[in-house]
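Given next are the chains, with one letter for each unit.
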Amino acid sequence: MSRTKIVAGNWKMNTSLEDGISLAENLAANHTITHPLMIVIPPFTHLMPVKSVLIGSSIQIGAQNCHQEAKGAYTGEVSAPMLKSCGIPYVILGHSERRQYFNETDELLALKVDAALAQDLTPIFCVGESLEVRNENKQNDFVLNQLTKGLFHLSSSEFSKIIIAYEPIWAIGTGVTASPLQAQEMHEFIRTQIEVKYDLAVAAACSILYGGSVKGANAREIFSQADVDGALVGGASLDAVDFLKIASGF
Ligand code: PGA
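These numbers were taken from a predicted model, which means no experiment stands behind them.

A. Region of interest: the site of the ligand. Taken together, the residues surrounding the ligand are Lys12, His95, Glu167, Ala171, Ile172, Gly173, Gly212, Ser213, Leu232, Val233, Gly234 and Gly235. The side chain of lysine 12 places a nitrogen or oxygen atom 2.7 Å from an oxygen atom of the ligand. Note that an oxygen atom of the ligand is positioned 2.8 Å from one of the backbone N or O atoms of glycine 235. When the free accessible area of the ligand is taken as 280 Å², the share hidden by the protein chains comes to 95%. In terms of residue class, the shell around the ligand is made up of 4 nonpolar, 6 polar and 2 charged.

B. Inspection of the pattern of salt bridges at higher detail. If you walk through the whole model with that rule in mind, you get 11 salt bridges. Arginine 98 is the salt-bridge partner of glutamate 104, the closest N and O atoms lying 3.0 Å from each other. Judged by its relative accessible area of 6%, glutamate 104 is buried. Note that lysine 112 is salt-bridged to glutamate 104, the shortest N-O span being 2.8 Å. Glutamate 104 carries the same exposure label as lysine 112, and that label is buried. Beyond isolated ion pairs, a larger network of salt bridges with shared partners links Arg3, Lys5, Arg191, Asp227 and Asp229.

C. Fine view of unusual backbone geometry. Put simply, histidine 35 and proline 36 share a cis peptide bond, and its omega is -5 degrees. Positive phi, normally seen in glycine, also occurs at asparagine 137, with a value near 60 degrees. Unlike most non-glycine residues, serine 213 shows phi in positive territory, near 60 degrees. Along the chain, serine 213 falls in the loop between strand S7 (208-211) and helix H11 (219-223).

D. Representation of the sheet that holds S7 in the model. As summarised here, the arrangement of the 8 strands in space is S1-S2-S3-S4-S5-S6-S7-S8, forming a closed barrel in which the pairing is parallel. Strand-to-strand, the axes of this sheet are offset by a mean angle of 25 degrees, without reference to chain direction. Pairing analysis gives 4 bridges linking strand S4 (residues 90-93) to strand S5 (residues 122-127), with the strands arranged parallel. Of the residues in S5, the one forming a bridge with valine 91 is proline 123.

E. The arrangement of the packing of helix H1 (residues 17-30) against helix H2 (residues 47-54) in detail. Relative orientation of the contacting elements H1 and H2 amounts to 25 degrees, with a least axis distance of 9 Å. Taken together, the axes of H1 and H2 are roughly parallel relative to one another. You can see that H1 and H2 cross each other, and the crossing is right-handed. Contacts between H1 and H2 involve Leu17, Gly20, Ile21, Ala24, Glu25 and Ala28 on the former and, on the latter, Pro49, Val50, Val53 and Leu54. In terms of residue class, the contact of H1 with H2 is built from 8 nonpolar, 1 polar and 1 charged.

F. Local environment of the pairing of strand S2 (residues 37-41). Burial analysis of S2 places 5 of its 5 residues in the buried class, the great majority of the element. Where strand S1 (residues 6-10) lies against S2, 5 bridges are found, and the strand directions are parallel. When the sheet's bridge partners are listed, valine 7 is paired in S2 with methionine 38. Bridge count between S2 and strand S3 (residues 60-63): 2 bridges; the pairing is parallel. Each bridged residue has a counterpart across the sheet, and for valine 40 the counterpart in S3 is isoleucine 61. Crossover S2 to S3 through H2 is right-handed.

Rules used throughout
- Residues numbered from 1 in each chain as written.
- Predicted model: local features only at pLDDT ≥ 70, side-chain atom pairs only at ≥ 80, totals over all residues.
- Heavy atoms only, no water.
- Near = heavy atom within 4 Å.
- Polar contact = N/O pair within 3.5 Å; in protein donor to acceptor, adjacent residues only side chain to side chain.
- Areas by Shrake-Rupley, 256 points an atom, 1.4 Å probe, with all protein chains shown as cover.
- Nonpolar A, V, L, I, M, F, W, Y, C, P; charged D, E, K, R; others polar.
- Salt bridge = Lys/Arg side-chain N within 4 Å of Asp/Glu carboxyl O.
- Buried < 20%, exposed > 50% of the residue type's maximum accessible area, 1.4 Å probe, protein only.
- Helix = DSSP H or I, 4+ residues; strand = E, 2+ residues; numbered from the N terminus.
- Pairing = 2+ DSSP bridges.
- Axes fitted to C-alpha atoms, helices over the stretch in contact; angles between N-to-C directions.
- Parallel < 35°, antiparallel > 145°, perpendicular 65-115°, else oblique.
- Left-handed = near helix turned anticlockwise from the far one by under 90°.
- Contact = heavy atoms within 4.5 Å.
- Right-handed = clockwise from strand over helix to strand, strands pointing away.

Next comes the structure, spelled out in structure tokens:
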């Protein structure tokens, strides 16, 4: 996909079905434009009902994860072909909570990326360092390693389908946001590394989202940075008013 302004809401393991539907209804009624592109990412159980709510709206839908295998004896898992068959076009891969709590490695994530792309799903691929890594000023090497192992095996036409989300772990759900300058520095670094690996056109066309305590009150400042193409939002995406305010930050 070409470089696009995107506001994606990762609901994580939140909302009852009823609350999720009413959140989606509220967003569909109030976000009637295609710029920025709004994507809601509910839990698996809510995907189809929320998708129904969004029919006819400009809002897209995604899943929070998928398995690397297409099918089989993997109790509790959901595959990329299943998402495809449900008409779900986006999937988050490599969220730091999956890396941390479910031991997802870079090598596994490379397989998940391949599985998603094989079904024409668009991965929203998350990278980002811990506070410890940042305090040692090793965040660039850390993120480059994640990109290299998770994504840089792709051909340039495959890579062109990826959305990247830079989410410093120390900013997720903590109320601490990276400063606009910190976000810009990392986004620029990521774009440069894409250029080194592929070329300028591929780098220029890649949407790079920032994630970590984005709210209505700070979105505009973060979006003003040249290499920030939008946000992957957790907590604030559960509040329709705040999420709409974030979307109005462009
Ligand atoms: P947060 O989460 O907005 O609640 O910090 C961001 C994310 O995990 O994507």
